[in-house]
Amino acid sequence: MSRSALWRQEAGVKDRERHASGVLENAVDEGRQRPQKGLIALTRDDTFNFNPMLLQNISKSPYFLKCCSNIHDWNSLVDEIYYECKHMEPWTQGHVKTPSTAFCLLLRLFTLRCSEKQMTLMLNHVDSPYIRCIGFLYLRYGANPADVWKWCYPFLYDEEPLRVSSKMSQKETTVGEYVRSLLTDMEYCGTLLPRLPVAVERDIKVKLMQAEKIEERALKHLQDKRNMSFFERMGSKIQALYGDEDNPVTWYEAIVDRVVRTDDETGEKLARPKFLVTFPEYGNTEMVSLGQIDMTQQTRTTTSKGERRNQTNNTRPDNSDCTWNRDRCDERHKRGHDGDQSNNRGYGRNFNEDDRRHDLKRARHDDSNHDRYGNSHSRDYDAPTASSASTSRYENEKDLMEEVLKRERDKSAAKGKAYASRPATFKESLSTSSHGVHHRHVHNTILDADQQKAKPLLNRKQDQSKGKTEPKQKTAEELGAIAVKKRQLLARYG
């Protein structure tokens, strides 16, 4: 190719870059001119917190230029996501770093701007999980970090399947796992997400731990039919979680007013029932989920006593005709009179001592009950108050924060231990893919195999050298003759 042709080619590349940059600037200006009322506020309206290299590649992508020229409203963009998005990675599979369809449409959504109503429709869309996930990415990249939790909380344990990786060999995940990874991880499929403020990040992690405990409690209730029947009974006295901006989330006594099994707006059946409860302490009525309720301590104690009583009745022999006690008494009487005197005294003494030990044990038990409940003869006692229940049944934020800090330390220590498995050189890091550690391991395995093949050759050479005869040592006469000959040669030739 001639020099002029190379110049023309380079000029064409620069023209395309200038055109792509101009298209992105025009799209951004178009979004800025939209009415700001009802729109989700963005932290940056020029780069949208994208990685610079990723933003540059997307802006030069022919597909993004096509989206800017053909898609001009939110409805058209949602339709394009439904038909074109197949995974959520930022890059397409292959050697060339080509931006994926999902991220091209995400950038186009940023330039069009999204309102709160449109975001609500995206996150609850039923046609495609990729429509929902692009909405989550929009919030994670551009929205105020303090508002991200409010949007993502209802979907932390959504079970809709989703494919994140472009490789078909990778297993699918769920929308809930995808949302939790966006809130906890900085790395996203080879690129970096914008950093959250430390205070916001730790607050989100504490809330995630609370949500995890709520989910575990809900699964435990679903497996216990007795608890479910008690919760679904109108007027049942339970304890429920409640908190607002002024008060932390705490357990309070509540009464079940209604069990909600279908969604009031859509009419669809809920996977888990919700409960409309009233808090007598404040008189307010709230809707709570299955994981946000539990049995009171009094109800739990009464139920456990009933279970132990039933187990005792089931294990006791049948005594409907009183034959069991009569036979036992006859046998005891027979032993006392038919045996010798020593056995009679021994048996009687042990029996009386057992009775006295039983009476002392019962007295101690009554005293302990008196000290604990203030009444040694009554089984009924007041349920724990909200403050005591919160400290015994629900971890406060301080304990959860300590657990979060502990997990962060463990995670950083685990990353520090992985330095040995990283590529040895910069060149090798460029040549390896995301599975570079595996390739390096294979490479080391090949080297080990070569060394194993070379070992027999070395052993063979050593054996051959061992087989050779060692030189024979000369006697004193031969050494003397050699010395005389050397002196003669020196005398003749100097």
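Residues numbered from 1 in each chain as written. Predicted model: local features only at pLDDT ≥ 70, side-chain atom pairs only at ≥ 80, totals over all residues. Heavy atoms only, no water.

Describing the overall build of the protein chain
Cut-off, in case you're wondering: A run of H or I in DSSP counts as a helix once it spans at least four residues, and a run of E counts as a strand once it spans at least two, with each numbered from the N terminus. For every residue, the accessible area (1.4 Å probe, protein chains only) is compared with the maximum for its type, and the residue is labelled buried under 20%, exposed over 50%, or partly exposed between those bounds. Note on areas: Shrake-Rupley with a 1.4 Å probe; residue coverage comes only from the protein chains shown.
The number of helices and strands found in the protein chain is 19 helices and nine strands. Counting across all 494 residues of the protein chain, residues that qualify as buried make up 31%. In the form shown here, the protein chain has an accessible surface area of approximately 33,700 Å², with 51% of it arising from carbon and sulfur atoms.

Quick word on the nonpolar core
Put simply, the test is: Residues grouped as a nonpolar core are buried Ala, Val, Leu, Ile, Met, Phe, Trp, Tyr and Cys residues, joined through side-chain atoms within 4.5 Å. Residue contacts are defined here by distance: any two heavy atoms, one from each residue, within 4.5 Å place the two residues in contact.
In this structure, Phe50 and Met88 are the most contacted members of the largest nonpolar core, which totals 64 residues. With sequence-adjacent residues up to four places away left out, phenylalanine 50 is seen in contact with Leu55, Ile58, Phe103, Leu106, Leu107, Phe110 and Tyr141.

Regarding the sheet that holds strand β6 (residues 250-262)
Whenever strands of a sheet pair, they do so through backbone hydrogen bonds, lying parallel or antiparallel. Basically, it comes down to this: Whether two strands pair comes down to DSSP finding at least two bridges between them. Axis definition: a line fitted to C-alpha atoms, over the contacting stretch in the case of helices. Angles run 0 to 180 degrees between N-to-C directions.
Taking strand neighbours across the sheet as the criterion, the five strands line up as β8-β7-β6-β5-β9 in an open arrangement whose pairing is antiparallel. At either margin of the open sheet sits one strand with a lone partner, and together these are β8 (285-288) and β9 (293-295). The sheet shows a mean angle of 45 degrees between the axes of neighbouring strands, direction not considered.

A word on the packing of helix α4 (residues 74-84) against helix α7 (residues 129-142)
We count it as follows: Angles below 35 degrees are treated as roughly parallel, those above 145 as roughly antiparallel, those between 65 and 115 as roughly perpendicular, and all remaining angles as oblique. Crossings are sorted by hand: turned counterclockwise from the far helix by less than a right angle, the near helix makes the crossing left-handed, and turned clockwise it makes it right-handed. When residues are sorted by character, Ala, Val, Leu, Ile, Met, Phe, Trp, Tyr, Cys and Pro go into the nonpolar class, Asp, Glu, Lys and Arg into the charged class, and all the rest, Gly among them, into the polar class.
One way to put it is that α4 packs onto α7 with a least axis distance of 8 Å and a crossing angle of 120 degrees. Considering their axes alone, α4 and α7 lie oblique with respect to each other. The two elements α4 and α7 meet at a crossing, and its hand is right-handed. Together, Val78, Ile81 and Tyr82 of α4 and Tyr130, Ile131 and Ile134 of α7 make up the contact between the two elements. Class assignment for the residues of the contact of α4 with α7 results in six nonpolar, no polar and no charged.

Focus: the packing of aromatic side chains
Aromatic rings considered in pairs are described by the distance between their centres and by the relative angle of their planes. For clarity, the cut-off: For Phe, Tyr and Trp, rings pair up if their centres lie within 6.5 Å, where Trp contributes its six-membered ring, and each pair is then called stacked (planes under 30 degrees apart), edge-to-face (over 60) or tilted (otherwise).
All chains considered together, the criterion is met by 17 aromatic pairs. Their ring planes at 90 degrees and their centres at 6.4 Å tell us that phenylalanine 103 and tyrosine 141 sit as a pair that is edge-to-face. Of the two residues, phenylalanine 103 sits in helix α5 (residues 101-112) while tyrosine 141 sits in helix α7, which places them 38 residues apart along the sequence. Of the residues examined, phenylalanine 103 reaches a relative accessible area of 0% and is grouped as buried. These aromatic residues form a ring-pair network of at least three members: Phe48, Phe50, Phe103, Phe110, Tyr138, Tyr141, Tyr178 and Tyr188.

Side note on unusual backbone geometry
Unlike most non-glycine residues, phenylalanine 48 shows phi in positive territory, near 60 degrees. One can find phenylalanine 48 in the loop between α1 (3-32) and α2 (52-60). One non-glycine residue with positive phi stands out, namely cysteine 189, at about 50 degrees.

Some remarks on helix α10 (residues 198-223)
At 3.6 residues per turn, the α-helix brings residues three or four places apart onto the same side. We count it as follows: A helix is expected to reach a length of 1.5 Å times the quantity of its residues less one.
Under the 1.5 Å per step criterion, the end-to-end length of α10 is 38 Å for 26 residues, consistent within 8% with the ideal 38 Å. Within α10, burial applies to Ile204, Lys205, Val206, Leu208, Met209, Gln210, Ala211, Ile214, Glu215, Arg217, Ala218 and His221.

Quick notes on helix α19 (residues 476-493)
The end-to-end C-alpha distance of α19, which contains 18 residues, comes to 26 Å, matching closely the 26 Å that a straight helix rising 1.5 Å per residue would cover. Of all the 18 residues making up α19, zero are buried; the element is thus mostly uncovered.

Topic: the pattern of salt bridges
Here is the rule we go by: Salt bridges are defined as contacts in which a side-chain nitrogen from Lys or Arg sits within 4 Å of a carboxyl oxygen from Asp or Glu.
For the structure on display, the rule yields twelve salt bridges. Two residues, arginine 132 and glutamate 160, come together in a salt bridge whose shortest N-O distance is 2.4 Å. Remark: glutamate 160 occurs in the loop between α8 (145-152) and β1 (161-162) and arginine 132 occurs in helix α7; sequence separation between them is 28 residues. Bridged by salt links that share partners, the residues Asp29, Arg32 and Asp45 form one connected network.

A word on the confidence of the model for the protein chain
The criterion, for reference: Residue-level confidence of the predictor is summarised by pLDDT, bounded by 0 at the bottom and 100 at the top.
On average, residues of the protein chain score 76 in pLDDT, and 66% of them are at 70 or above. Across residues 331-394 the pLDDT falls below 50, and counting only partners more than four positions away or on other chains, this stretch makes 39 contacts in the model. Scored below 50 in pLDDT, residues 432-443 shows twelve contacts in the model against residues more than four places distant or in partner chains.

A look at the pairing of strand β7 (residues 269-278)
Pairing of β6 with β7 involves six bridges; the strand directions are antiparallel. Pairing of isoleucine 255 across the sheet is with threonine 278, part of β7. In textbook terms, the turn of a hairpin is the stretch between consecutive antiparallel strands, and for β6 and β7 this stretch comprises six residues, one of which, glycine 267, has a positive phi near 80 degrees. Linking β7 back to β8 in an antiparallel pair, the connection comprises six residues, with glycine 283 at a positive phi of about 80 degrees.

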